[in-house]
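Letter by letter, the chains look like this.
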Amino acid sequence: MLDRPSTQPIDVVKVLDAGDYPPEAREIIKQEGLLPAGVVNRLHRQFPQYSTLARTTAPIFTGRENFTGLPGFRAVIEKLAENGINIGDIDERELFVEVYRFLATRHTLNSVDWDHYQTDAVFQLVFPQPGMINKETVGKYLAAEKGAARTDVAVDYMQATNPHDGNQQLNKPWFKNDDGVLEVLAGSQHKYPQVQLIFDKSTQHCFSFCTYCFRHAQVRGDEDMFLQHDIEQIHEYLRKHKEVTDLLITGGDGGFMPAERLEQYVAPLFDDPELLHVRTVRLATRSLTFQPEMILSGKYDKMLALFDRLNDNGIQLAWMAHFSTPKELLHPITIAAIRRLQKHNVVIRSQSPMMKHISLFPNEDGSIDIEKSAQNWIDLASIFSTLLIGFHSMYCARPTGEHHYYTAPLADVLKIFDKVYRSLPSIARPSRHISMTTSAGKMSLMGVSEINGESVFALKFNEARNMEWIDKVFHAKYDTETNNVSLLTPIEGNSFFFENELAEIEKELEDSLTEAMRTAKSVHMDRTLQEDQSAETDFPQAH
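Model, not experiment: these values are computed from the prediction.

Novice: Please provide a residue-by-residue account of the pairing of strand β9 (residues 316-321), values included.
Specialist: A regular strand places its side chains so that they alternate between the two faces of the sheet. β9 sits mainly inside the fold: five of its six residues count as buried. Where strand β8 (residues 280-284) and β9 come together, five bridges link them in parallel fashion. Along β9, the bridge assignment pairs Arg282 with Ala318. Relative to strand β10 (residues 346-354), β9 is paired through five bridges, and the arrangement is parallel. For Leu317, the partnering residue across the bridge sits in β10 and is Val346. Handedness of the crossover joining β9 and β10 through helix α15 (residues 332-343) is recorded here as right-handed.

Laid out in structure tokens, this is it:
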């Protein structure tokens, strides 16, 4: 049930003034009419339990734009203490910060309901929590002397964090150029025919760090991170691979790419007849959640002009957001930023992560509250519809980082998805079933079937190393505890239909690169580390 809606109209100007938002952002909102009272009041009246649209209390965090690393975390704790807020377990939380990093923007911190922070989704999203890291490692860390000894414990634990689940290193593309030089694209992945991922040198940072991040190798600078410097290398590869229709700029956060850098990627797409097959540029970014003020600035006008050029040349700019809670959207600055992007032909879609404590809610006994969790997603989908955001997909936690903390049994996740799906009109539903990434591909959990009187999971690929696999529905034994599709058991035999071929494909990928390197005149693979990191870094380097 929704809370009783307020009938008092929201004074948008008063809310913006009270929020201590940048004057430039407020002026752009006014000049471009980005916060119509009708939209603001409709959303607030429908979803008051999530909304900050009517908030007129002074924010706790002002001035400083972001807080990063241990010094930043400690500065946040100090500021909270000044306001009578003590989140506790500081030393254990600092272990997580040393292993995975910490970064929170002013916008992020002021989005938290500090009167009820323990159950606040944004607090769970960016603040390390007790119980995330196993008790043995926590014990070692707490027992060590503060300083270098504790950092050594954190660095050792990094080896267990599995930043490259799904054999991501096998996805690194390569080709031989006309001079016989083997070109290895060190900052790219090409696993599925139509989509090529680019981890550009400018996108290795984030606006805030999600505690469940599965790309922590990128943001902390591991030696085996993906990092792309050479843009022409990308274009040369594309000319040889006409199957690629979509470029997906990711990181880190694709929103960090400057307009001048993005233009170098996309300008050749306008005129080169050998690149006509590229139809969509996807920008994977959480800036709308963590720093929407960026879009409401004069500095962003160059990027908006480039988005217009893409549209005028018949190329779609798809903004791939990752919203999983209504609270991320029901903020005046966020709504204004969304509407500004849309005025410049940007199509916003959300690939939404299903994470316990953030968008899946546990009962006191640790089980998942199906009804409460489903309502979160139903409300989120309804807000997407109002704001013209496409609901692309819902996906499960990947088996990396502190997977145990965020994951939920697949059986429960399926119950939630089914309730969400049947509660929404067809136009508002997610476009795909729940998926989980494996080395074989993106595996979708379609539902529960009955075979020979027993319940079974029905599975299907929506992306795969062999795209012909997506034509086949297959089944696994029903399991109320398993939280990873890779651990499911076939209903008969010892393996699923694709597993033998998968092993052959993976071996062929390894062997073909080895042979290419053996026969190449020389090898070009840029191994330069992050030279463009703009934020303070004070984290231990991974082994």
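Novice: Can you tell me about unusual backbone geometry, naming the residues and giving the values?
Specialist: In this chain, Gly251 is followed by Gly252 through a cis amide linkage whose omega measures 25°. Among the structural elements, Gly252 can be located in the loop between β7 (246-250) and α12 (259-271). Phi at Asp89 takes a positive value of approximately 55°, unusual for a residue other than glycine. Relative to the assigned elements, Asp89 resides in the loop between α4 (69-82) and α5 (90-100). Residue classification places Asp89 among the partly exposed residues on the basis of a relative accessible area of 44%. Here Asn345, not a glycine, exhibits a phi torsion of approximately 70°, which is positive.

Novice: Kindly report on the packing of helix α11 (residues 231-240) against α12, identifying the contributing residues and their values.
Specialist: Across the interface, α11 lies against α12 with an axial gap of 10 Å and an inter-helix angle of 25°. The pairing of α11 with α12 is recorded here as roughly parallel in orientation. Crossing handedness for the pair α11 and α12: right-handed. Between α11 and α12, the contacting residues are Ile231, Ile234 and His235 on the first element and Arg261, Gln264, Tyr265 and Pro268 on the second. Looking at the contact of α11 with α12, its residues break down into four nonpolar, two polar and one charged.

Novice: Talk me through the sheet that holds strand β3 (residues 174-176); I want residue IDs and the actual numbers.
Specialist: Pairing in this open sheet of three strands is mixed, and the strands run β3-β4-β16 from one edge to the other. The open sheet has two edge strands, β3 and β16 (522-524), and neither has a second partner. For this sheet the average axis-to-axis angle between neighbouring strands, irrespective of direction, equals 20°. Where α11 meets the sheet, its contacts fall on β3, β4 (181-184) and β16, and the angle it forms with β3 comes to roughly 80°. In this fold helix α19 (residues 499-519) packs onto β3, β4 and β16, with an angle of close to 35° to the strand it touches most, β3.

Novice: Break down helix α18 (residues 410-423) for me, citing the residues and quoting the values.
Specialist: For α18, built from 14 residues, the straight-helix expectation of 20 Å at 1.5 Å per residue is met to within 8% by its first-to-last C-alpha distance of 20 Å. Among all positions in α18, only Leu410, Ala411, Asp412, Val413, Leu414, Ile416, Phe417 and Val420 are buried. Looking at the packing, one finds that the buried side of α18 touches β10, α16 (370-386), β11 (390-396), β12 (434-437), β13 (441-451) and β14 (454-464).

Novice: Quick one: what's the story with the packing of aromatic side chains, residue by residue and with numbers?
Specialist: Two aromatic rings are characterised by how far apart their centres lie and by the angle between their planes. Under the criterion given, the structure shown has 31 aromatic pairs. For the ring pair Phe96 and Tyr100, a centre distance of 4.7 Å and an interplane angle of 35° mean the geometry is tilted. Highlighted residues: Phe96 and Tyr100, both in helix α5, separated by four residues, approximately one helical turn. Residue classification places Phe96 among the buried residues on the basis of a relative accessible area of 3%. Cluster of aromatic residues (ring-pair linked, three or more members): Phe73, Phe102, Trp114, Tyr117, Phe123 and Phe127. Between the NZ or CZ atom of Lys372 and the centre of the ring of Phe361, over which it lies, the distance is 4.9 Å. Taking NZ or CZ as reference, Arg429 lies 4.7 Å from the ring centre of Tyr421, over its face.

Novice: Requested: an account of the confidence of the model for the chain, with residues and values cited.
Specialist: Averaged over every residue, the pLDDT of the chain is 91; residues scoring 70 or more account for 93%. In this model, residues 528-543 is a region of pLDDT below 50 whose contacts with residues beyond four sequence positions or in other chains number 43 contacts.

Novice: An account of the side chain of Asn462 is requested, with residue identities and associated values reported.
Specialist: Structurally, Asn462 is set in strand β14. In this view, Asn462 contacts Arg432, Ser435, Lys442, Ser444 and Ile470; residues no more than four positions away in its chain are not counted.

Novice: If you had to explain a negative patch on the surface to someone new, which residues and values would you point to?
Specialist: Judged by side-chain charge, Glu468, Asp471, Glu501, Glu504 and Glu508 come together as a negatively charged surface patch. Note that Glu501 resides in helix α19.

Novice: Tell me about the pattern of salt bridges, and please be specific about residues and values.
Specialist: In total, this model carries 20 salt bridges according to the counting rule given. Salt-bridge contacts for Arg518 lead to Glu515; the nearest nitrogen and oxygen are separated by 2.6 Å. One end of the pair, Arg518, and the other, Glu515, are both in helix α19, three residues apart, so they sit about a helical turn from each other. The network of salt bridges with shared partners includes Glu32, Asp301 and Arg340.

Novice: Describe in detail α16, supporting the description with residues and values.
Specialist: Helix length check: α16, at 17 residues, gives a terminal C-alpha distance of 25 Å against a target of 24 Å (1.5 Å per residue), a fit within 8%. Looking at α16, one finds that the buried residues are Ser373, Ala374, Asn376, Trp377, Ile378, Asp379, Leu380, Ala381, Ile383 and Phe384. Next to the buried residues of α16 lie α3 (37-46), β10, β11 and α18. Where α16 begins, one side-chain oxygen reaches toward the backbone nitrogen of Glu371, 3.3 Å away; that side chain belongs to Asp369. At the exit of α16 stands Leu388, carrying a positive phi of roughly 60°.

Novice: Report on the state of the cysteines, specifying residues and quantitative values.
Specialist: With the rule as written, the count across this model stands at zero disulfides. Left without a disulfide partner, Cys206 is nearest to the cysteine sulfur of Cys213, which lies 6.1 Å away. Judged by relative accessible area, Cys206 falls into the buried class, the value being 10%. No disulfide involves Cys210; its sulfur sits 6.6 Å from the nearest other cysteine sulfur, which is in Cys213. You can call Cys210 buried: its relative accessible area is 15%.

Here is what the cut-offs are and how they apply
- Residues numbered from 1 in each chain as written.
- Predicted model: local features only at pLDDT ≥ 70, side-chain atom pairs only at ≥ 80, totals over all residues.
- Heavy atoms only, no water.
- Buried < 20%, exposed > 50% of the residue type's maximum accessible area, 1.4 Å probe, protein only.
- Helix = DSSP H or I, 4+ residues; strand = E, 2+ residues; numbered from the N terminus.
- Pairing = 2+ DSSP bridges.
- Right-handed = clockwise from strand over helix to strand, strands pointing away.
- Axes fitted to C-alpha atoms, helices over the stretch in contact; angles between N-to-C directions.
- Parallel < 35°, antiparallel > 145°, perpendicular 65-115°, else oblique.
- Left-handed = near helix turned anticlockwise from the far one by under 90°.
- Contact = heavy atoms within 4.5 Å.
- Nonpolar A, V, L, I, M, F, W, Y, C, P; charged D, E, K, R; others polar.
- Expected span 1.5 Å × (residues − 1).
- Phe/Tyr/Trp six-rings, centres within 6.5 Å; stacked < 30°, edge-to-face > 60°.
- Lys NZ or Arg CZ within 6 Å of the ring centre and 35° of its normal.
- pLDDT = per-residue confidence, 0-100.
- Patch = residues over 30% accessible without salt bridge, like charges linked within 9 Å, V, L, I, M, F, W, Y side chains within 5 Å.
- Areas by Shrake-Rupley, 256 points an atom, 1.4 Å probe, with all protein chains shown as cover.
- Salt bridge = Lys/Arg side-chain N within 4 Å of Asp/Glu carboxyl O.
- Lys, Arg positive; Asp, Glu negative; His and termini not counted.
- Charge placed at Lys NZ, Arg CZ, Asp CG, Glu CD.
- Polar contact = N/O pair within 3.5 Å; in protein donor to acceptor, adjacent residues only side chain to side chain.
- Disulfide = S-S within 2.5 Å.

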